[in-house]
Amino acid sequence: MKLCLSLSENEEKALKYLVSENELKIGRGTIIPRQEGIYPVYSSSAKNDGLFCYSNFYKYDEDLITWSIDGGGQPFHRKKHKFSITNVCGFIKIIDLVKWDYTWLYINMWDNWRHNKFDYTSKAHPSIIEEIYKIKPLSLDKQKKISSVFLVIEEHEKNLESKLNKLKEIKKYLLSNLFI
């Protein structure tokens, strides 16, 4: 059933509308017990990128946006690799790649998330996310340009974190050898 909404080109679009137009698919993962294996399984924690365990099976080998349902709704961009998500994760898959870019979708999801508070009584279920989250529709070219800037900043941030961690290791070593 399609929503009969008249939207201007610059008006934000609710995820519900984009799902009804078959531009996005929203769902959630499956119950996966803790196990050992080789493929990552992501769950509701925001710690350690949401990593729950590893499994010998995977469900996805594609880009997806996921978020924790029970853990406060924090979104993650899961770039293409073999992985699974548990039932306490929601996911968004882009169906219409001519209209939407995953990084742009992730940026919008993050912006929506930072303005909403989810806890254990108001969980970030896909039906809730679908109702309250909105995405700014820009041309794919503009989305990709903005996304490329975001990706450069993200890479720079990772490099700085790596350098900071190395400096902390040097500091720890120096302090441990200070009074030898």
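Attention here is on the structure that accompanies the text. (Residues numbered from 1 in each chain as written. Predicted model: local features only at pLDDT ≥ 70, side-chain atom pairs only at ≥ 80, totals over all residues. Heavy atoms only, no water.)

Here we come to the sheet that holds strand β6 (residues 64-68). In space, the four strands of this open sheet follow the order β2-β9-β6-β7, with antiparallel pairing throughout. Pairing within the sheet leaves two strands with one partner each, and these edge strands are β2 (24-28) and β7 (75-78). Averaged over all pairs of adjacent strands, the angle between strand axes in this sheet comes to 25°, irrespective of strand direction. Two elements, β6 and β7, share four bridges in a ladder whose sense is antiparallel. Bridge pairing in β7 places W67 opposite P75. Sheet strands touched by helix α2 (residues 102-114): β2, β6, β7 and β9 (89-94). Its angle to β7, the strand with the most contacts, is close to 170°. (Pairing = 2+ DSSP bridges. Helix = DSSP H or I, 4+ residues; strand = E, 2+ residues; numbered from the N terminus. Axes fitted to C-alpha atoms, helices over the stretch in contact; angles between N-to-C directions. Contact = heavy atoms within 4.5 Å.)

Moving on, we come to α2. Spanning 13 residues, α2 covers 18 Å between terminal C-alpha atoms, matching the ideal 18 Å at 1.5 Å per step. Of the residues making up α2, those classed as buried are Y102, T103, W104, L105, Y106, N108, M109, N112 and W113. The residue sitting at the N-terminus of α2 and contributing the capping side-chain oxygen is D101; that oxygen lies 3.2 Å from the backbone nitrogen of T103. (Expected span 1.5 Å × (residues − 1). Buried < 20%, exposed > 50% of the residue type's maximum accessible area, 1.4 Å probe, protein only. Polar contact = N/O pair within 3.5 Å; in protein donor to acceptor, adjacent residues only side chain to side chain.)

Looking now at the sheet that holds strand β3 (residues 39-42). A sheet is described by the order of its strands in space; here four strands give the open sequence β4-β3-β8-β5, paired in mixed fashion. Each having just a single partner strand, β4 (51-55) and β5 (60-61) make up the two edges of the open sheet. When β3 meets strand β8 (residues 82-85), the two strands line up parallel, connected through two bridges. Bridge assignment links Y42 to a residue of β8, and that residue is I85.

For the pair α2 and helix α4 (residues 140-176), interaxial distance at closest approach is 8 Å and the crossing angle is 70°. When the interaxial angle is binned, α2 and α4 end up roughly perpendicular. Across from T103, W104, Y106 and I107 in α2, the residues of α4 making contact are Q143, I146, S147, F150 and L151. A breakdown of the residues in the contact of α2 with α4 according to their chemical character gives six nonpolar, three polar and no charged. (Parallel < 35°, antiparallel > 145°, perpendicular 65-115°, else oblique. Nonpolar A, V, L, I, M, F, W, Y, C, P; charged D, E, K, R; others polar.)

With that out of the way, let us pick up the pairing of β6. Successive side chains on a regular strand alternate, one facing one side of the sheet and the next facing the other. For β6, the buried fraction is high: five of the five residues fall into the buried class. When β6 meets β9, the two strands line up antiparallel, connected through four bridges. Looking across to β9, one finds that T66 is bridged to F91.

As a further point, take the nonpolar core. As a rule of thumb, nonpolar side chains are buried together in soluble globular proteins. L15, L24, W67, I92, L105, M109 and I129 are the most contacted members of the largest nonpolar core, which totals 29 residues. At the level of secondary structure, the elements contributing two or more residues to this core comprise α1 (15-20), β2, β6, β8, β9 and α2. Considering every element that reaches this core, the biggest residue donor is α2, with six residues. Setting aside residues up to four positions removed in sequence, L24 forms contacts with L15, L18, V19, I92, K93, I94, I95, W100 and L105. (Core = buried A, V, L, I, M, F, W, Y, C linked by side-chain atoms within 4.5 Å.)

Without other data, these values stay purely geometric and don't point to any function.
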